[in-house]
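Chain by chain, the residues run as shown.
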Amino acid sequence: MDGRQLLFVSSYIPEKMYNRNVKDLRDQQTQKFDRLMIKGFLSNGFSVDCVSFLSGINGIDDEFETDEEGCHFCIFTNSNRTNHWDVVKKSYKKTEAYLHKYENAVVVCNVLNISMALGAVLAARKNGNRVIGFITDMPNFMFGEHSIHKVIDDFVISRCTDLIFLTEQMTRKYRKKNRKYSIMEGLADFSNLEKFKEGASEKQIDTSRPKVLMYAGSLHKCYGIEMLVKAFSRAEDADAELHIYGKGDFGNDLLQYAKNNKRIRYFGVVLNEQVVSAEKEADLLVNPRTSEGEYTKYSFPSKVIEYMASGTPVLMNMLPGIPDEYRKYCYCFESETVDGYVNSLNHVLSMDLRTLRAMGEQAQEFVYAHKNYTAQIKKVLIDLDLED
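Small disclaimer: the values here were computed from a predicted structure and weren't measured.

Q: Could you give an account of the packing of aromatic side chains, naming the residues involved and the relevant values?
A: Applying the stated criterion across every chain, the model contains 16 aromatic pairs. With a centroid separation of 5.0 Å and an interplanar angle of 50 degrees, the aromatic rings of Tyr98 and Tyr102 are classed as tilted. The residues Tyr98 and Tyr102 share a single accessibility class, namely buried. Measuring from centroid to centroid gives 5.3 Å for Phe300 and Tyr326, while their planes differ by 55 degrees, and the two rings are tilted.

Right, here's the structure in full:
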């Protein structure tokens, strides 16, 4: 396999370039997911090259960079005349050139990045190479059931030789005879494990200070953030604080809540590394997303693994797309109502900090042992018969 060569086609760009060019800090979780996938392939013996397109920024065209992992990037972005078909053609040409150089290489692409994935899939199939598509959301929920984007994306998925899904429920839509697939709900970044553990051991159990609850993610009402804020306002612990990071349609209402209740603090959108640092310092991490809506069957919130990797305990709902193995490593809301959230917050906030820390440490050990990027990609390679 030409030294185990792999071409990763997506919107991912090196962290330093992202921080320098993407001022609105959009799509941080997508960037992180792709980065950890790449690190997983690298740690499993592949040499990885990337072809990346990131919309919304100008002035970068065929810029070549090498990140700290030794991964080579060819990056292009918008110009005033760039359209979707230009991106398709460029992705096709870059992929084809790579496959002429490495005849037995594997191509991996994010199928939701339609233009990039279409070009890569067409080139890979023309040259007879394996092309693995990974699906992090269902196209009908992402683009609309009858949109042209979904039609094209379904074509892209149909032309992939192998697929990676987030949840078991996804496989029922796109699984077909003789096509290999793997299920991988997410990846934990264990590159800083010792630093995490050192920070946890140095974290003092100070019972005199207020407990800090934290939520980081989308602030859209459909994800339960309004219920969380209302429930927190009714919680019995009058000293606890709720720290919130992110943006969405509840943002303006949240500012009003924070104005009226000084224990609710809104930090807006910050770099993921700042969010991760805050997650380690908090006493309880909360994900208020409910199971309402069919899309939750096909969803695994990326925050679940990131939360658990911090060593701070998690309070959440067990959504249909979350495997049962996670249940014993988190606290669960009593019910998906404001009253249920109030009761659960009161219950967890009444626990002493040592008990909370013990739960957080158990969850951290679980995701670092079984969900780290090396283990998760190794599982994918075994499922797809690509293990060396």
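Q: Residue-level account of helix 9 (residues 225-234), with values.
A: Those residues of helix 9 that fall on the buried side of the exposure criterion are Ile225, Leu228, Val229, Ala231 and Phe232. Burial along helix 9 is one-sided: seen end-on, the buried residues are contained in an arc of 165 degrees. At its buried positions, helix 9 is contacted by strand 9 (212-216), strand 10 (241-245), helix 10 (251-260), strand 11 (264-266), strand 12 (284-287) and helix 13 (338-349).

Q: I'd love a proper account of the packing of helix 4 (residues 114-127) against helix 6 (residues 148-159), names of residues and values included.
A: For any two helices packed against each other, one specifies the crossing angle of their axes together with the interaxial distance. At a closest axis distance of 10 Å, the pairing of helix 4 and helix 6 adopts a crossing angle of 35 degrees. Here helix 4 and helix 6 pass one another in a crossing that is left-handed. Contact with helix 4, carried on its side by Ile114, Ala117, Leu118, Val121, Leu122 and Arg125, involves His149, Ile152, Asp153, Phe155, Val156 and Arg159 of helix 6 and no other residues of that element. When its residues are assigned to classes, the contact of helix 4 with helix 6 shows eight nonpolar, one polar and three charged.

Q: For helix 4, give the residues involved together with the corresponding values.
A: Helix length check: helix 4 (14 residues) gives 20 Å between terminal C-alpha atoms against 20 Å at 1.5 Å per residue, within 8%. Taken across its 14 residues, helix 4 has ten buried, putting it largely inside the fold. Considered for burial, the residues of helix 4 that qualify are Ile114, Ser115, Met116, Ala117, Leu118, Gly119, Ala120, Val121, Ala123 and Ala124.

Q: Residue-level account of the sheet that holds strand 10, with values.
A: Sheet strands line up and pair through hydrogen bonds in the backbone, either parallel or antiparallel. With parallel pairing, six strands are arranged side by side in an open sheet as 11-10-9-12-13-14. The sheet is open, and its two borders are formed by strand 11 and strand 14 (331-332), each paired with just one other strand. Relative to strand 14, strand 13 (residues 314-316) runs parallel, the two being bridged by two bridges. Its bridge partner lying in strand 14, Leu315 is registered against Tyr331. Each of strand 10 and strand 11 touches helix 10; the most contacted strand, strand 11, lies at about 135 degrees to it. Against the sheet, helix 11 (residues 272-281) engages strand 9, strand 10 and strand 12, with an angle of about 150 degrees to strand 9.

Rules used in this analysis
Residues numbered from 1 in each chain as written. Predicted model: local features only at pLDDT ≥ 70, side-chain atom pairs only at ≥ 80, totals over all residues. Heavy atoms only, no water. Phe/Tyr/Trp six-rings, centres within 6.5 Å; stacked < 30°, edge-to-face > 60°. Buried < 20%, exposed > 50% of the residue type's maximum accessible area, 1.4 Å probe, protein only. Helix = DSSP H or I, 4+ residues; strand = E, 2+ residues; numbered from the N terminus. Arc of directions from axis to C-beta. Contact = heavy atoms within 4.5 Å. Axes fitted to C-alpha atoms, helices over the stretch in contact; angles between N-to-C directions. Left-handed = near helix turned anticlockwise from the far one by under 90°. Nonpolar A, V, L, I, M, F, W, Y, C, P; charged D, E, K, R; others polar. Expected span 1.5 Å × (residues − 1). Pairing = 2+ DSSP bridges.

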